[in-house]
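Examining the three-dimensional arrangement
This is what each chain is made of:
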Amino acid sequence: MTDSHADYSSAVATIRQKTDSRPKIGLVLGSGLGGLADHITDRVVIPYEEIPGWPRSTVHGHQGQLVIGQLEGQPVIAQQGRAHFYEGYTIQQVTFPIRVMHQLGVDTLFLTNAAGGLNENFTAGDVMLLNDHINMPGLTGLNPLIGRNDDDIGPRFLGMSQTYDRDLRELARDVALSSGITLHEGVYICLSGPTFETPAENRLLRLLGGDAVGMSTAPEVIVARHAGMRVMACSGITNKSIFEIDSDFDTNHEEVLEAGHVIVPRLMTILKGVLRRLN
Ligand code: HPA
């Protein structure tokens, strides 16, 4: 297990040895979206394997390194790639980097993910701002806060009705409007993966009120909110969810990575715009 204070502290110490920067803004970049970190200047890059306790990304499309530097005049720390539950990590290992970012002083977290579009109005290449989530693994007993609570970090019982920061969402909407980007808003459903959904599962998820579906983000958001961070998250819609059996198409990882090329510039515009407005 990697959920003791000591483990976070040695990861924090390792990162602090490599940079004097004290970022307050954290970025988590999902599948095919790591290119967002290319815009960070004055950078220090730390491969995950050099940080004690840090889970490595084993998935193609996740670079597996921390990029620390400047974006829009703000010191930021970006995870270029993340670990997922389906890679065999515990849910505490998956969320370990968020606790480390918190201990480094990060108080505002922007997360991105690749997701399937359940909402029939979404097409590949679109961006959706999360205003809520359904954490399926959490509903069935895989909540990252299960276990001993560290009261120094956050409360035993965490309210989740104010999860995606209202002010940050307003800023994101404002940026999208002024830059001509269509920004959907909706509910993200987190599944464990690694299989993509069957048509029957997609119909169920739509009935449940989901607009986008993916394999990450919700556990990290829970741990960030537990530590009191402000959270904003965006899904890059990489594919339309399939609702009918015997469709000629099937969802695949290549299509997910391909759509990232269109999504990265849109997400970058939104992210940079929000950072500018935070200044
Ligand atoms: N389902 C789950 N996760 C995903 C999808 C999807 O359709 N697309 C990208 N990540």
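The structure displayed is predicted, hence computed values, not measured ones.

Close contacts around the ligand come from A114, A115, G116, F196, E197, V213, G214, M215, T238, N239, T251 and V256, and that covers them all. A114 places a main-chain nitrogen or oxygen 3.3 Å from a nitrogen atom of the ligand. E197 is positioned with one of its side-chain polar atoms (N or O) 2.9 Å from a nitrogen atom of the ligand. Contact with the protein chains hides 95% of the accessible area of the ligand, taken as 260 Å² for the molecule alone. Contributions of two or more residues to the shell around the ligand are made by β5 (108–117), β8 (212–214) and β9 (230–240). At 3 residues, the largest contribution of residues to the shell around the ligand is made by β5. Its residues assigned to classes, the shell around the ligand comprises 6 nonpolar, 5 polar and 1 charged.

In total, this model carries 3 aromatic pairs according to the counting rule given. Taking the centre distance of 5.4 Å and the plane angle of 35° together, the rings of Y8 and F96 count as tilted. Linking Y8 in helix α1 (residues 5–18) with F96 in helix α2 (residues 91–104), this pair joins segments that are 88 residues apart in sequence. Here the aromatic rings of W54 and F96 are separated by 6.3 Å at their centres, their planes lie at 90°, and the arrangement is edge-to-face. You can see W54 sitting in the loop between β2 (41–47) and β3 (65–71) and its partner F96 sitting in helix α2, a full 42 residues away along the chain. With respect to burial, W54 and F96 carry one shared label: buried. Through successive ring pairs, a cluster of aromatic residues spans Y8, Y48, W54 and F96.

Geometrically, the link from G193 to P194 is a cis peptide bond, its omega value of 0° lying close to zero. Considering the arrangement of structural elements, one finds P194 in the loop between β7 (183–190) and α5 (199–207). Positive phi, normally seen in glycine, also occurs at E72, with a value near 55°. Topologically, E72 is positioned in the loop between β3 and β4 (74–80). Using a relative accessible area of 26% as the deciding quantity, one classes E72 as partly exposed.

Right, let's get into the pattern of salt bridges. Under the counting rule described, the total for this entry stands at 8 salt bridges. Note that K18 is salt-bridged to E50, the shortest N-O span being 3.2 Å. Of this pair, K18 sits in helix α1 while E50 sits in the loop between β2 and β3, and the two are 32 residues apart along the sequence. On the basis of relative accessible area, K18 is assigned to the partly exposed category, the value being 37%. Residue classification places E50 among the partly exposed positions, given a relative accessible area of 41%. Between D211 and R206 there is a salt bridge, with its nearest N and O atoms 3.2 Å apart. For D211, a relative accessible area of 11% gives the class buried. It is possible to trace a salt-bridge network through shared partners that takes in E120, R206 and D211.

Here is what the cut-offs are and how they apply
- Residues numbered from 1 in each chain as written.
- Predicted model: local features only at pLDDT ≥ 70, side-chain atom pairs only at ≥ 80, totals over all residues.
- Heavy atoms only, no water.
- Near = heavy atom within 4 Å.
- Polar contact = N/O pair within 3.5 Å; in protein donor to acceptor, adjacent residues only side chain to side chain.
- Areas by Shrake-Rupley, 256 points an atom, 1.4 Å probe, with all protein chains shown as cover.
- Helix = DSSP H or I, 4+ residues; strand = E, 2+ residues; numbered from the N terminus.
- Nonpolar A, V, L, I, M, F, W, Y, C, P; charged D, E, K, R; others polar.
- Phe/Tyr/Trp six-rings, centres within 6.5 Å; stacked < 30°, edge-to-face > 60°.
- Buried < 20%, exposed > 50% of the residue type's maximum accessible area, 1.4 Å probe, protein only.
- Salt bridge = Lys/Arg side-chain N within 4 Å of Asp/Glu carboxyl O.

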